[in-house]
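Take a look at the letters that make up each chain.
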Amino acid sequence: MRTAAAATRPPLWLLAELTYRCPLHCVFCSNPIDYAQHRQELDTADWKRIFSEARALGAVQLGFSGGEPLLRDDLEELVAHARGLGFYTNLITSGVGLTEARAKALKAAGLDHIQLSFQDSTRELNDFLSSSRTFELKARVAGIIKSLGYPMVLNCVMHRYNLPHVGRIIQMAEAFGADYLELANTQYYGWAWLNRTALMPTVHELREAEGVVIAQRARLDGRMKVIWVSPDYADAKPKPCMAGWGAVFMVVAPDGTALPCHSARMLPGIAFPNLREQSVREAWFHSDGFQRYRGQAWMSSTCGSCDERGHDFGGCRCQAFLVTGDAAATDPVCPKSPQRGRIDAMLAGADAERACASGAVAPQPLRFVPGAAQQAGLVYRCDENSHALGKTGAAPC
């Protein structure tokens with residue numbers, strides 16, 4: 001009989017979160033809310049060792065992320081090392097710090113791909129959502145990326161504030177000469193979970209935006225690929241999170257903690273390995289952190305008897321924990337979940353808020369003035385708020 005480790009395939013995709021430092025303060029950031037408590041970063045030698053171990057196991061794709069990975073002075077050295085190992089490499093960036101000189105240096109080091117984030121097609125909303133003045137900078141960086149022959153990949157996280165602009169976001173990407181545009185409907189973890197009430201769109205708003213996307217795809221006729229990431233709350237269909245827990249994907253946090261997804265370190269009662277002390281092989285094949293929800297043995301009777309279990313892999317464990325308090329529960333977005341009503345209540349809350357706003361008093365647009373974020377119920381990702389929220393009973397500023 002094969003052991004669980006023997007039956008497990010090696011990781012294919014490694015995401016290196018080089019740092020939690022970031023010049024942006026996005027209200028939907030996927031970094032942990034208590035990121036400020038995890039300040040220690042792996043050094044260059046540790047990252048190189050991890051890349052070498054992962055490649056030896058069979059990993060083929062390596063993403064450099066953060067925070068903002070360009071804040072690492074050794075990024076070019078790490079890219080060159082990864083290229084020498086045979087990785088396909090991509091940089092996931094806000095664009096802050098990507099000068100033409102640095103973009104050329106990364107190209108020379110062997111970087112294959114850059115994904116550039118935007119928050120909106122307008123300067124006002126882009127800068128408001130990230131609490132930074134970066135829209136014009138991002139536009140310049142898009143030009144640099146295109147001029148150097150990188151694949152032009154743009155990403156925009158979608159939510160109630162920018163869904164009405166989806167057509168203009170697509171047109172902006174087209175004007176930049178993008179090859180791919182990912183419209184990533186907000187996944188409610190980290191700072192997005194904290195801000196979920198303010199960010200949550202209605203089902204009607206999502207369907208309207210998706211209709212625009214479908215029409216724009218037809219107009220583009222393949223000239224640019226537009227990816228619409230399913231809003232699983234509204235679609236009532238569990239996403240195949242990371243293609244299964246511990247099946248394909250390994251995230252390495254700045255401090256060396258190895259995780260099966262970006263948000264897993266918040267789950268209680270799981271000992272996640274740290275690659276300062278353990279090898280990638282040991283962490284992947286033998287640690288409790290990667291074994292806990294690998295495969296199907298952990299599934300409830302609801303998931304274990306479902307015909308979709310080989311496609312959605314039981315959905316998202318972090319989402320199950322946040323909504324139900326039990327990481328092993330059926331993903332609450334699923335219609336078969338006994339907790340689906342909690343998701344419906346969140347969506348109904350968005351409907352009720354819009355109905356109230358469109359009642360006797362005309363709905364007020366978001367005004368980009370001091371105090372607007374507080375009025376909208378938004379909490380920015382920043383060190384001060386992270387420290388406050390990491391303390392029991394503390395409130396964000």
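The model shown is predicted, which means the values in this text are computed figures rather than measured ones.

### A few points about the sheet that holds strand 7 (residues 225-229)
Pairing within the open sheet is mixed, and its nine strands lie in the order 7-6-5-4-3-2-1-8-9. Bordering the open sheet on either side are strand 7 and strand 9 (258-259), each of which pairs with just one other strand. Taken together, the six bridges between strand 5 (residues 152-158) and strand 6 (residues 180-185) define a ladder with parallel strand orientation. The partner of M158 across the bridge, within strand 6, is N185.

### With respect to the UniProt feature "domain: Radical SAM core" (unreviewed entry) in the protein chain
UniProt tags residues 8-230 as "domain: Radical SAM core" (unreviewed entry). Summarising residues 8-230: 42% helix, 18% strand, and an end-to-end C-alpha distance of 28 Å.

### Here's the deal with the pattern of salt bridges
Tallied over the entire structure, the rule returns 22 salt bridges. A salt bridge links E77 to K48, with the nearest nitrogen and oxygen atoms 2.6 Å apart. Of the two residues, E77 sits in helix 3 (residues 75-85) while K48 sits in helix 2 (residues 44-57), which places them 29 residues apart along the sequence. A residue is classified by how much of its surface remains accessible, and E77, at 40% relative accessible area, is partly exposed. Linking D112 and R83 is a salt bridge whose minimum nitrogen-to-oxygen distance equals 3.4 Å. Residue D112 is located in the loop between helix 4 (100-109) and strand 4 (113-118), and its partner R83 is located in helix 3; the two are separated by 29 residues in the primary sequence. Exposure remark for R83: the relative accessible area of 42% places this residue in the partly exposed category. Connected through salt bridges with shared partners, the residues R21, E41, R72 and D74 form a single ionic network.

### So, the packing of helix 7 (residues 166-176) against helix 10 (residues 203-220)
At a minimum axis distance of 9 Å, the contact between helix 7 and helix 10 shows a crossing angle of 30 degrees. When the axis of helix 7 is compared with that of helix 10, the two are roughly parallel. In terms of crossing hand, the pair formed by helix 7 and helix 10 is right-handed. In contact with V166, G167, I170, Q171 and E174 of helix 7, helix 10 contributes A209, V212, V213, Q216, R219 and L220.

### Digging into the confidence of the model for the protein chain
Overall, the predicted model of the protein chain reaches an average pLDDT of 92, with 92% of residues at or above 70. Residue range residues 360-364 is modelled with pLDDT below 50. Its contacts to residues more than four positions away, or to other chains, number three contacts. Predicted confidence for residues 393-397 stays below pLDDT 50, and this span has eight contacts to residues more than four positions away or in other chains.

### A closer look at the side chain of S117
Looking at the element boundaries, S117 is found in strand 4. A relative accessible area of 17% means that S117 is categorised as buried. Contacts of S117, omitting those with residues within four sequence positions, involve T93, S94, K138 and N155.

### Examining helix 16 (residues 317-324)
Buried residues dominate helix 16, accounting for seven of its eight residues. Residues R317, C318, Q319, A320, L322, V323 and T324 constitute the buried set of helix 16. Looking one or two residues beyond helix 16, the residue adopting positive phi is G325, at roughly 85 degrees.

### Points about the environment of M200
Among the secondary structure elements, M200 is positioned in the loop between helix 9 (196-199) and helix 10. You can call M200 buried: its relative accessible area is 4%. Linking M200 and M346, residues 146 residues apart in sequence, is a C-alpha distance of 8.0 Å. Excluding residues within four positions of it along the chain, M200 makes contact with R160, Y188, Y233, M346, L347, A350 and R354.

### Re unusual backbone geometry
Backbone torsion omega between G66 and G67 reads 10 degrees, so that peptide bond is classified as cis. Its identity is not glycine, yet S131 carries a phi of approximately 50 degrees, on the positive side. Considering the arrangement of structural elements, one finds S131 in the loop between helix 5 (123-130) and helix 6 (135-147). By relative accessible area, S131 is classed as partly exposed at 39%.

### Considering the packing of aromatic side chains
Any pair of aromatic rings gets described here by the distance separating the centres and the angle formed by the planes. Across all of its chains, the model carries 13 aromatic pairs by this definition. With 5.8 Å between their ring centres and 80 degrees between their planes, F51 and F64 make a pair best called edge-to-face. With a gap of 13 residues between them, F51 in helix 2 and F64 in strand 2 (residues 61-65) connect regions that are remote in the sequence. Aromatic ring contacts, followed pair by pair, group W245, F272, Y293 and W298 into a single cluster. Above the plane of the ring of W193 lies R196, whose end atom (NZ or CZ) is 3.8 Å from the centre. Between R294 and the ring centre of W284, over which it is positioned, the NZ or CZ distance is 5.0 Å.

Rules used throughout
All residue numbers refer to positions counted from 1 along the written sequence of the respective chain. For a predicted model such as this one, the threshold for reporting local features is a pLDDT of at least 70, and the threshold for listing and counting side-chain atom pairs is 80 or more; totals across whole chains, interfaces and linings nevertheless cover every residue. Side-chain metrics in this entry use all non-hydrogen atoms of the structure; hydrogen atoms and water are not considered. In this scheme, strands are said to pair when DSSP sees at least two bridges between them. Helix and strand definitions follow DSSP, with helices as H or I runs of at least four residues and strands as E runs of at least two, each counted in order from the N terminus. UniProt positions are given in the numbering used here, feature names are shortened, and annotations may be inferred rather than shown by experiment. The salt bridge definition used is simple: a Lys or Arg side-chain nitrogen within 4 Å of an Asp or Glu carboxyl oxygen. Here's how the labels work: a residue is buried when its accessible area is under 20% of the maximum for its type, exposed when over 50%, partly exposed in between, all with a 1.4 Å probe on protein chains only. Fitting a line to C-alpha atoms yields each axis, with helices limited to the stretch in contact; the angle taken between N-to-C directions then spans 0 to 180 degrees. For classification purposes, angles smaller than 35 degrees are called roughly parallel, those larger than 145 roughly antiparallel, those between 65 and 115 roughly perpendicular, and all remaining angles oblique. Left-handed describes a crossing whose near helix is turned anticlockwise from the far helix through less than a right angle; right-handed describes the clockwise counterpart. Any two residues whose heavy atoms approach within 4.5 Å at even a single point are treated as in contact. Values of pLDDT, the confidence the predictor places in each residue, fall between 0 and 100. We call Phe, Tyr and Trp rings a pair once their centres come within 6.5 Å, taking the six-membered ring for Trp, and we label the pair stacked below 30 degrees between planes, edge-to-face above 60, and tilted otherwise. Should the NZ of a Lys or the CZ of an Arg lie within 6 Å of a ring centre and within 35 degrees of the ring normal, that charge is described as sitting over the ring.

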